[in-house]
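A closer look at the structure
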Amino acid sequence: MDLSGTLNVSISSIPHLNSVNSSATRQVFYLFLSLVLVQLRPALAADPIEKTWINSIQNQHDLTLPAWGPYTKSYIGISHIPGEGVGMRFDLSVFPGLYCRKAVPPNVMFESDYHPWEATPDLGYFSYRFELEWKDQVYADISYSKLDEHSRLIRAECVNNTDLSQDLELHLLASMSFPPICPALVQLPPNAVWVNALNYQTMHYATSRPTDNLVPDGKRRGEIRGDDFVDGSGLGEGFGTDSGDTVAYEFNIEKAVPEAQLVVRYRMEPGAKTSLRISGLTNTAVSFSGDGNLDAQTIPLGDLSPGPQTLAIVAEGGDPIELNGFAVVTASDANRLTFNSQHWDPKPEMIYPPGAKSLVLKYKDVNDCYGMAWRQDPSQVRQFLCKDLDVLFQTKIQNHVSSVIKGDGEGHYTDIYLRPIPVAPHTRRILYAIVCDGSLAEVERRLSPSNWPDNACESNYCAARARLPDLKPAPQGNSFEFSQQRMAATLLSNVVYPIFMQGRYLKHNTPGKWWDSLYTWDSGFIGLGLDELDTQRSVECLNAYLTEPGAQSAFIHHGSMIPVQFYLFLDLWDHTQSQELLDYAYPRLKQYYEFYVGRLGSSTTGKFKSGMLSTFDYFYNSGGWDDYPPQKYTHDHALGGVMAPVVTSAQAIRIAKIMIMAADALGKQDDVRVYQADIASLTAALEKNSWDEASGYFGYLQHDKKNDPVGILRFDGGTNYDMGMDGVYPLVAGIGTEEQKQKMLGDLKSPKRLWSPIGLTAVDQSAPYYRDDGYWNGTVWMPHQWFFWKTMLDLDESDFAWQIAKQGLELWRNETDASYDCMEFFPIETGRGAGWPEFGGLSSPVLKWYSAYCRPGTLTTGFNIWITSHEFSADNSRLDTGLKMFFYTGGPQSNCSVVVCMNPAFNYEVQWNGRAVPFKEISKGLLDIEIPARDGTGELVVSKAISPFIK
């Protein structure tokens, strides 16, 4: 089986070699191939995950990335985060233009003629390509390299591949971005105390809500965000509506407060009224009324002694109230308690150090300064006074006179304008600049030409760039390498700041800078992609979504509740076998799992008497597939409260199986028995209620208002509405009768149903509700294909697994090579990419397929195998691995498949528990191995054949 007609390396494809009969010559050729053409992937022996590092990230959802990085949400470039979690961000966007003709600020919110090009995992180096004349006729590669913790080298490589001379220009555009919430500032008189309403010890609504133990977006229960609240946060979300809504506080008073007053800051709608009973400091019922503004209600307390204090607020019923917090002050000082609006000042003081092409910016709201220095002459410093640059900047491209240009809205941009930059035909020019932070004295020192001499710039750039991930493939992957490098750069650089979670501003991975949200399922795939590039980044991506046992929220949630974090954990285990990771992640994943199956706290996922699960109480989208027909019908007709899709129960079964493997490794047999019982009950529920024999698919199960099942959701005419990926998801769970499995496999493989010319589509092409103009309906995405790909290895359907992966790699290569974009999805009719052009989330499975089939030193299994150990030799010519297989059913299918990518310079033999086992060679060194699943546990050894070059 060839990898592809154009990629397969064979002796007959090498000029002159086919006429050479000497086997020794052929042996030399393969040795040369391995040493010269292939840079082998570092052996994937278990990567250490230090316990001390795990402890340092414990319950900290931030990323341990540097303060300087590609964090902007405005114009692409480099950003700096001043202070710890304050929400401000300094941006420096460096971009080229055609002199006096065209210069487009590279807005990250829409396609802007730039492309993420390269990035190291620690973001000590990253670069972007800016196309001025498509394709690669005239362009500039702008890179940012770490000099030290406070300085970055900017390198602009301007390239002219045309027959004409080009005049270019370069802009260094600086600005300060402020938090999305403009909080109020509280000024307290001496000895007064302020307590934010969110700093409670306990809080609950009288009427339980599904989200009580899974608050969306990493917030605390009842949290609201808004301008003019102290700290930007308050307690609301309907608090006070029901009698019995309760919140309790504990705080300390350092010194006695004579004639104390309790001042409650709150907001209610005009005409709204409610009554709250306050106890602890006092015991009284207080009436509140609203006018739409933030108001204060004062309650006398008498004399207070120093020490610990308690305060409880219980609603007596009425209209909702938003509580910002309360202050305890002495009556004589009450008028000195003030709340003032925060006013950010975007305009910096501009300081010009003597004797150098440099500029220092000092913003009023930031302690440190920012400095920039450059070498190019001539140059000009300009100021743009406006909220957004996109239109103003381009309409003023011919303004050669003004140094201050005004537009609409408030904002300030400092433009260091370098021009003209002549570039002769078929040549390139390299320009350098520097950006840094620190005190004025430190910045001036760092900007000094002696601190970044000409002769050191290129070597610093090369040293930083040398730490790029090694994505060099075996020969069969050569045509895929370019597109995978673009995905790696996109994935690694898609980080934004600030995003607010768990009471602070954080750096966070994002599927694309357009999305400023904590997308749970997207981030699971981000982590899976990162695991092919950097273990630490991947673990931190997992950690961002896990909460400590007993936390208010079972995990961090936004959007579709596909529990990809479990698969990310399993993938990290496969790569590391880290006991530290297992010990840390298991209790957090267990809490996640317990909520997912409906047993923890306020979870309603298990409310149906059918035994099937549903997450529609938390989000309209069950599987990330936005316009999936039965899901869209459910949402459009407000049926989420009575509908159970297939995917939720199927995913629960599969993650229960992952938890069994982890619990078994930890010796937690009581937990194993619980998971086994869950698998049995969920399997029975699906097979009893959801299978539709006529269509060969499972189906959405509808219930009545008493949560009793009433039947499968059907389209007009009685057709199963779930002819699509959701309807075959029990395959991923590993359940179903043999007949059901064969029907579902037939659906997946049929070109008339789910297998399209460019891969698996979400909706059966023969279904009456299939469309060719949808978002998921009629298109191909990568993420669910990854689930089915791994499942095929469990089912010993390795040929189909390879077909899925190969098609995905080729589809990705074709689009990315053509456009340099990393796209979301692919319409079936054309196979061209669509959606967001810098998508590093759900498209990341292409990195998994690339590693599995193209990068020597990669072992890939299905979901049913727990890797107990594995080690590749230094040259990837030998693999020793221990495997433990779970969930063998004893049916006709008695084998499972693993894929091993070895050094292509050799032939191989494979042994399982000391016995030879069959395998296929997909291409040189790429082995598809069958293992008897019924054996349970064993040792797999892949080693060079006795005759290493000729089989």
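So, here's what we can say about the structure. Everything numeric in this text was worked out from a predicted model, so none of it was measured. (Residues numbered from 1 in each chain as written. Predicted model: local features only at pLDDT ≥ 70, side-chain atom pairs only at ≥ 80, totals over all residues. Heavy atoms only, no water.)

So, the sheet that holds strand β43 (residues 895–901)
- Taken together, 4 strands build an open sheet; the order of strands is β40-β43-β47-β46 and the sheet is antiparallel. In this open sheet, the two edge strands, each paired with only one partner strand, are β40 (858–860) and β46 (919–923). Adjacent strand axes in the sheet meet at a mean angle of 20°, parallel and antiparallel pairs treated alike.
- With 7 bridges joining them, β43 and strand β47 (residues 926–932) adopt antiparallel strand pairing. Within the sheet, the bridge partner assigned to V899 lies in β47 and is D928.
- Strand contacts of helix α16 (residues 783–794): β40 and β43, with the helix running at about 115° to β43, the strand carrying the most contacts.
- Of the strands in this sheet, β40, β43, β46 and β47 are in contact with helix α18 (residues 845–854), which crosses β43 at around 85°. (Pairing = 2+ DSSP bridges. Helix = DSSP H or I, 4+ residues; strand = E, 2+ residues; numbered from the N terminus. Axes fitted to C-alpha atoms, helices over the stretch in contact; angles between N-to-C directions. Contact = heavy atoms within 4.5 Å.)

Some points on unusual backbone geometry
- Each neighbour pair has its own omega, and for D377 with P378 the value is -10°, a cis peptide bond.
- Mapping P378 onto the fold places it in the loop between β24 (369–374) and β25 (379–385).
- Cis peptide bonds are those with omega within 30 degrees of zero, and the linkage from Y497 to P498 qualifies with 0°.
- Tracing the backbone through its elements, the reader meets P498 in strand β29 (residues 495–501).
- The residue Q577 is not glycine, and still its phi comes out positive at about 45°.
- Within the secondary structure, Q577 sits in the loop between α9 (564–576) and α10 (579–596).
- Positive phi is not limited to glycine here, since D796 has a value of about 60°.
- Relative to the helices and strands, D796 is located in the loop between α16 and α17 (798–819).
- The partly exposed category is assigned to D796, whose relative accessible area is 22%. (Buried < 20%, exposed > 50% of the residue type's maximum accessible area, 1.4 Å probe, protein only.)

Looking at the packing of aromatic side chains
- Going through the model one piece at a time under the given rule, you end up with 63 aromatic pairs.
- Residues Y249 and F326 carry aromatic rings whose centres are separated by 5.2 Å and whose planes lie at 75° to one another, so their mutual orientation is edge-to-face. Here F326 lies in strand β20 (residues 322–330) and Y249 lies in strand β14 (residues 246–253), a separation of 77 residues in the sequence. A single burial state applies to Y249 and to F326, both of which are buried.
- Judged by centre distance (4.7 Å) and plane angle (45°), the rings of W802 and Y853 are tilted. Of the two residues, W802 is situated in helix α17 and Y853 in helix α18; the sequence distance between them amounts to 51 residues. Each member of the pair W802 and Y853 is classed as buried.
- Of the aromatic side chains, those joined through ring pairs into one cluster are W521, F525, Y567, W625, Y628, Y729, W786, F787, F788 and F863. (Phe/Tyr/Trp six-rings, centres within 6.5 Å; stacked < 30°, edge-to-face > 60°.)

A closer look at the sheet that holds strand β41 (residues 865–872)
- Here we have 5 strands laid out as an open sheet, ordered β41-β42-β48-β44-β45, and antiparallel in their pairing. Pairing within the sheet leaves two strands with one partner each, and these edge strands are β41 and β45 (915–916).
- The pairing of strand β44 (residues 908–912) with strand β48 (residues 937–944) spans 5 bridges and is antiparallel. Pairing of V910 across the sheet is with V942, part of β48.

Points about the pattern of salt bridges
- Per the counting criterion, the structure on display carries 42 salt bridges.
- Among the ionic pairs, K357 bridges to D377, the shortest N-O distance being 3.5 Å. Taken together, the positions of K357 in the loop between β22 (349–351) and β23 (358–362) and D377 in the loop between β24 and β25 put the pair 20 residues apart, joining distant regions of the chain.
- The salt bridge partner of K848 is D571, with a shortest N-O separation of 2.5 Å. In this pair, K848 is assigned in helix α18 and D571 in helix α9, connecting sequence segments 277 residues apart. There is no split in this pair, since K848 and D571 are both buried.
- Salt bridges sharing partners connect three or more residues here, namely R155, E157, R428 and E458. (Salt bridge = Lys/Arg side-chain N within 4 Å of Asp/Glu carboxyl O.)

Keep in mind that these numbers describe shape and distance, not what the molecule does.
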